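Remarks on the overall topology
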Amino acid sequence: MTTTPTRRHTALAKAHTLVEALPWITRHHGRTVVIKFGGNAMVDDELKAAFAQDVVFLRHAGLHPVVVHGGGPQINAALDRHGLVSEFRAGLRVTTPEAMDVVRMVLAGQVQRELVGLLNQHGPLAVGLTGEDAHLMTATKHRPRIEGELVDIGRVGEITGIDTGVIQALLADGRIPVVSSIARSQDDGHVYNVNADTAAAALAAALGAETLMVLTDVEGLYEDWPRSEEVISRLTATELEKLLPDLSSGMVPKMRGCLHAVRNGVSTARVIDGRVQHSILLEIFTDEGIGTMVVPDDARGGTGS
């Protein structure tokens, strides 16, 4: 059968796209990428499906993706159903013991299971676990400082230790770990709600990941918000540290996580717009990075990838 010129042209464009990705596939092959899944990507069905495709693509391209998730919208809805109030202080959820039961149920029993299911539509790849499993994450009670005072916000944890053994075993077996951001304390035995941005950053550092990627609902870190919508495409750890005091409360955990990651061995940390389908692939496999990349102070040069 003869192929028409139009069909040949279409196939050639696809081939060019694949070839253009080759340098980045080569560069990242065998490297670990920790991805914090959150924002609209968690609640929009098309974005969720595209996210799962991206993560599976990374796995088949020879990378080792690890997914860490929160579940803010789902937790809010579940708390409402249980007649419990959602309250935030210093950008963190106030978590009573009753709310912690709901958080644990939603993260490990709902959000994680759905995400594992989406990934496993493409093969027997994803395995769900929480920070409690195999002592993956241990935590102590976190008391944020608000207006100079340490404040009790309930069962909110600060990570004190990470044992990456279970993650490394899963990666060595070709699996995709999907981690819910809750942890058990060695101090008092309680289970704590850990901010997912913070958890992803700590895990990326402990794994010696090449990249931390944080999905959010904005284009990146803005130059002069709200006066400007110009996105900062790249900045160093020190440059980011200077900006932290002036950031909105919702961006602080994300950017603190990026700062922690690049100051603890992670080559790059990126905040990307999870509202864009296949934003992960665009960020890793093209020159046209679509978010903000944070690099260590001693990094030289560098592009969107």
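Look a little higher up for the structure.
First, a word on scope: everything that follows refers to the structure included in this document. A quick note: this is a predicted structure, and the numbers were derived from the prediction, not measured.

**A short note on the sheet that holds strand β13 (residues 211-216)**
Spatially, the eight strands line up as an open sheet ordered β5-β10-β2-β1-β13-β15-β16-β14, and their pairing is mixed. Two strands lie at the open edges of the sheet, namely β5 (126-130) and β14 (234-236), each paired on one side alone. The mean angle between the axes of side-by-side strands here comes to 20°, regardless of whether they run parallel or antiparallel. As judged from the four bridges shared by strand β1 (residues 32-37) and β13, these two strands associate in the parallel manner. Across the sheet, Val33 pairs through a bridge with Thr211, a residue of β13.

**Quick notes on the side chain of Thr216**
Structurally, Thr216 is set in strand β13. Among residues more than four places away in sequence, those in contact with Thr216 are Lys254, Val271, Ile272, Asp273, Gly274 and Arg275.

**Examining the nonpolar core**
Nonpolar side chains in soluble globular proteins tend to end up buried together. Counting residues in each nonpolar core, the largest one holds 43 residues, and the members touching the most others are Ile35, Phe51, Leu119, Ile280 and Phe285. Only α1 (5-28), β1, α2 (45-60), α3 (72-81), α4 (97-119), β10 (176-180), β13 and α9 (279-285) provide two or more residues apiece to this core. With 11 residues, the single largest contributor to this core is α4. Apart from the residues lying within four places of it in its own chain, the contact partners of Leu119 are Ala52, Val55, Val56, Ala126, Ile176 and Val178. Val68, Ala202, Ile232 and Val294 belong to the second-largest nonpolar core, a separate cluster that totals 42 residues.

**Some details on the packing of helix α6 (residues 196-207) against helix α8 (residues 252-262)**
At a closest axis distance of 8 Å, the pairing of α6 and α8 adopts a crossing angle of 10°. Taken together, α6 and α8 sit at an angle that is classed as roughly parallel. Contacts between α6 and α8 involve Asp197, Ala201, Ala202 and Ala205 on the former and, on the latter, Pro253, Lys254, Gly257, His260 and Ala261.

**Topic: the sheet that holds strand β11 (residues 182-185)**
The four strands are arranged β9-β6-β11-β12 in an open sheet whose pairing can be described as mixed. Bordering the open sheet on either side are β9 (157-162) and β12 (191-193), each of which pairs with just one other strand. For this sheet the average axis-to-axis angle between neighbouring strands, irrespective of direction, equals 50°. Pairing of strand β6 (residues 137-141) with β9 involves five bridges; the strand directions are antiparallel. What sits directly across from Thr138, in β9, is Gly161. Seen against the sheet, α6 touches β6 and β9 and runs at an angle of roughly 15° to β9.

**Brief notes about the pattern of salt bridges**
Summed over all chains, the structure comprises 13 salt bridges. Note that Asp197 is salt-bridged to Lys36, the shortest N-O span being 3.3 Å. Of this pair, Asp197 sits in helix α6 while Lys36 sits in strand β1, and the two are 161 residues apart along the sequence. Note that Glu283 is salt-bridged to Arg270, the shortest N-O span being 3.1 Å. Taken together, the residues span a long stretch of sequence, with Glu283 in helix α9 and Arg270 in strand β15 (residues 268-273) at a distance of 13 residues. A single burial state applies to Glu283 and to Arg270, both of which are buried. What emerges from the salt-bridge pattern is a single network uniting Lys36, Asp197 and Lys254.

**Observations concerning the environment of Asp197**
For Asp197, a relative accessible area of 5% translates into the label buried. For the pair formed by Asp197 and Ala237, sequence separation is 40 residues and the distance between their alpha carbons is 17 Å. Among the polar contacts made by the side chain of Asp197, one reaches the side chain of Lys36 at a distance of 3.3 Å.

**A closer look at α4**
For α4, which comprises 23 residues, the first-to-last C-alpha distance of 32 Å matches the rise-based estimate of 33 Å (1.5 Å per residue) to within 8%. Helix geometry: α4 is bent most strongly at Gln112, by close to 35°.

**Observations regarding the environment of Glu239**
Here Glu239 is to be found in helix α7 (residues 237-243). Judged by relative accessible area, which is 41%, Glu239 ranks as partly exposed. C-alpha separation for the pair Glu239 and Val294, spaced 55 residues apart in sequence, amounts to 9.1 Å.

Thresholds applied
Residues numbered from 1 in each chain as written. Predicted model: local features only at pLDDT ≥ 70, side-chain atom pairs only at ≥ 80, totals over all residues. Heavy atoms only, no water. Pairing = 2+ DSSP bridges. Helix = DSSP H or I, 4+ residues; strand = E, 2+ residues; numbered from the N terminus. Axes fitted to C-alpha atoms, helices over the stretch in contact; angles between N-to-C directions. Contact = heavy atoms within 4.5 Å. Core = buried A, V, L, I, M, F, W, Y, C linked by side-chain atoms within 4.5 Å. Buried < 20%, exposed > 50% of the residue type's maximum accessible area, 1.4 Å probe, protein only. Parallel < 35°, antiparallel > 145°, perpendicular 65-115°, else oblique. Salt bridge = Lys/Arg side-chain N within 4 Å of Asp/Glu carboxyl O. Polar contact = N/O pair within 3.5 Å; in protein donor to acceptor, adjacent residues only side chain to side chain. Expected span 1.5 Å × (residues − 1). Bend = angle between axes of the 7 residues up to and from the residue.

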